Amino acid sequence: MTTRYQALFKRRWRIGLMALAMLLPVAWTGSAGAQAAPSNGTHVVYQESAPTSATPTLAKDFKPAAPLTSQQQQAMQDALFKKRQRMAARVPRSVGQRGVPPVTAPGSRVEDVSSRAKGPTASNALVIARNNRNYVATGDACGQASKLAEPAAANDGRNVYYTGNFQHQEFSTDRGATYSCAAPYPAGPAEAPYPCCDTDVVYDQTRDVTFHSAFYVNDRTDMTNSIVRIFVRRSIPSPDNCYYDIDLDPAATDVLADFPHLGLSKKFLYVSANRGSTVEERWLSAAMSRFNLDQLAACHVASGRTINVTNGDNQRVLVPGSGAGKVMYFSWVNTPTQWRVFSWPDNSTAVGSTLHDVGAMTFGDPDCRGGVNNTDWAGEFAAGIEGFNVQTAISKNAVNVWVPTDSDAAHSNAHIVGAEFRLGKRPNDLTLVQQPVIAFADQCAGLPAVGVNDSGDQGLAIAVGGRNGGGGPAVTAAVGIKDKYSNGPGGFVFRKVAEATHNPDNNRFGDYFTVRRNSPCGRYFDATGYGYIGGTKAPNVNARYVEFGRGAYCR
């Protein structure tokens, strides 16, 4: 590079930094109602990530965790829930703007477990290839089960890895028909020795490795500090090969890295966490970290980057998207009429962000009472603007975002609202295409989990049941597809996959449903979900592993 061009480059770089410095304070710390940039998606705000690394602990150095009683387990879950409540209480309650009509779409339908999909040809029929109950997940044989089951799973051919609340893990070698216990979760570090909950699973087909994560805390009855542990399992029937402890605040002992989730791009494993101060009882940031997949799979020291995204005291939760290739996307609801969509290219250390106006959404505490006990399964977080259940799907030509919302003038029950953005030439070139809605006339819908297959289609697992005003069916899990046969904006077809009789007795239903690309049948999906049969305790959990798609299953 000549001296003239060097000087020109340095001048442009200084101008770019000055412009960035002017944008960042507004865009990343503004209130929920502030518009940080023009909302047509043409202005991009960037935040630079910070370098980090993770050191593996090999299997030979695993140490057993101290046992927990059922009372301690329940105390930990209750303490975590109360801390979430106190942090979320700082968020202004948000509903759709008055005078702005909500997004409407043709109604969707949900079929019973025993029904069969209807369609003129085999190519567009919703096929449930496998729907197996995991009886081990409802007892303490393979760890400790919980009535707030939160099952997560991924497969590699016939082999299935399955985990969930409170800290159980097992594997199957016959596509989920039967299960054997995996080794117990090992103890955590001195600052967070107890494996707690909030487990997640992804399978990386390129490297033939399963990654799963767990939330570790520092106390058996309360919790004031935590880490996220990522496990590497090169063969599902075999034990984990190593783990990595991700401490987002290594110098602090009063921060919970709560609600962790995993995601994959071509080169990186992403892990998100919701950082909260347990002293001030307030939200600190939404953290997103990524680590080199090749290094993780080999159990070597893994290099990575991390960001902390703030929004004042207006808590928002980030979850890595599904289906990422060279660019990872994630999102949150910025205001009741606006989404913020983030992009993080594999070849960049900076995260971009754009704002997009959409139709008004309504957030609140839904009424979804049903089952034989006529209780409410949808608590205050089920349709809150905080975004504990926001999901992002990255298909071949679009980015889709989904959020559960409360009933509104056009929808008599809690329902799920999305936004589909067409991808342009650059990662942040997003154009709103449609606003799909999953809404049922006779029951609530919520807790969307989404995965993307090799065709770029979206598989969804949702919670369905209960009704505004009470008397609805028992809440359970249902699966469906958004593709060329069911593109939206409405009219989606879902099939329940777990028989259920009861709603939970504490307003809390599992957050960690998962949908993953099936391996090796790349056009099918894996999913988890559950319902309650005959009661509301852990042994009543009807935990399922499901494989579904359209057309013939790959055998």
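The preceding data block contains the structure.
Residues numbered from 1 in each chain as written. Predicted model: local features only at pLDDT ≥ 70, side-chain atom pairs only at ≥ 80, totals over all residues. Heavy atoms only, no water.

Novice: Help me understand the packing of aromatic side chains in this model?
Specialist: Each pair of aromatic rings is reported with the distance of its centres and the angle of its planes. Scanning all chains against the criterion turns up 21 aromatic pairs. Relative to Y179, the ring of Y162 lies with its centre 5.6 Å away and its plane at 70 degrees, an arrangement referred to as edge-to-face. Here Y179 lies in the loop between β8 (168-172) and β9 (180-181) and Y162 lies in strand β7 (residues 159-164), a separation of 17 residues in the sequence. As far as the burial class goes, Y162 and Y179 line up, both buried. (Phe/Tyr/Trp six-rings, centres within 6.5 Å; stacked < 30°, edge-to-face > 60°. Helix = DSSP H or I, 4+ residues; strand = E, 2+ residues; numbered from the N terminus. Buried < 20%, exposed > 50% of the residue type's maximum accessible area, 1.4 Å probe, protein only.)

Novice: What am I meant to see in the sheet that holds strand β33 (residues 525-532) here?
Specialist: Note on sheets: strands pair through backbone hydrogen bonds, and any given pair is parallel or antiparallel. Within the open sheet, the 4 strands sit side by side as β5-β34-β33-β32. Their pairing is antiparallel. Either end of the sheet is taken by a strand with one partner, and the two such strands are β5 (126-133) and β32 (515-517). Geometrically, the sheet is characterised by an average inter-axis angle of 25 degrees between neighbouring strands, direction not taken into account. Here β5 pairs with strand β34 (residues 541-550) via 7 bridges, running antiparallel. Residue pairing in the sheet places I128 in a bridge with F548 of β34. (Pairing = 2+ DSSP bridges. Axes fitted to C-alpha atoms, helices over the stretch in contact; angles between N-to-C directions.)

Novice: Help me understand the sheet that holds strand β28 (residues 444-452) in this model?
Specialist: One open sheet holds the 5 strands; their spatial order is β4-β31-β30-β29-β28, and the pairing between them is mixed. Looking at strand neighbours, the two that pair on one side only are β4 (109-111) and β28, the edges of this open sheet. Adjacent strand axes in the sheet meet at a mean angle of 30 degrees when their direction is disregarded. Note that β28 and strand β29 (residues 458-465) share 7 bridges and pair antiparallel. Considered in β29, the bridge of A449 is made with A461.

Novice: Help me understand the state of the cysteines, please; the structure alone is not making it clear to me.
Specialist: Cysteine pairs can be covalently joined through their sulfur atoms, and such a bond is termed a disulfide. Within this structure, the stated rule accounts for 4 disulfides. Paired by a disulfide, C142 and C181 hold their sulfur atoms 1.9 Å apart. Residues C142 and C181 share a disulfide whose torsion about the S-S bond is about -80 degrees; that sign makes it left-handed. Of this pair, C142 sits in the loop between β5 and β6 (152-156) while C181 sits in strand β9; the two residues are 39 residues apart in sequence, bridging distant segments of the chain. Judged by relative accessible area, C142 falls into the buried class, the value being 6%. The exposure class of C181 is partly exposed, given its relative accessible area of 39%. (Disulfide = S-S within 2.5 Å.)

Novice: I would appreciate a short explanation of the environment of T476 in the present structure.
Specialist: The topology assignment puts T476 in strand β30 (residues 476-482). For T476, a relative accessible area of 1% translates into the label buried. Sequence separation between T476 and F509 is 33 residues, and the spatial gap between their C-alpha atoms is 9.2 Å. Excluding anything up to four places from it in sequence, T476 contacts I462, A463, V464, K496, A498, A500, F509, Y530 and G531. Of the polar contacts made by the side chain of T476, one reaches the backbone oxygen of A498; its length is 2.5 Å. (Contact = heavy atoms within 4.5 Å. Polar contact = N/O pair within 3.5 Å; in protein donor to acceptor, adjacent residues only side chain to side chain.)

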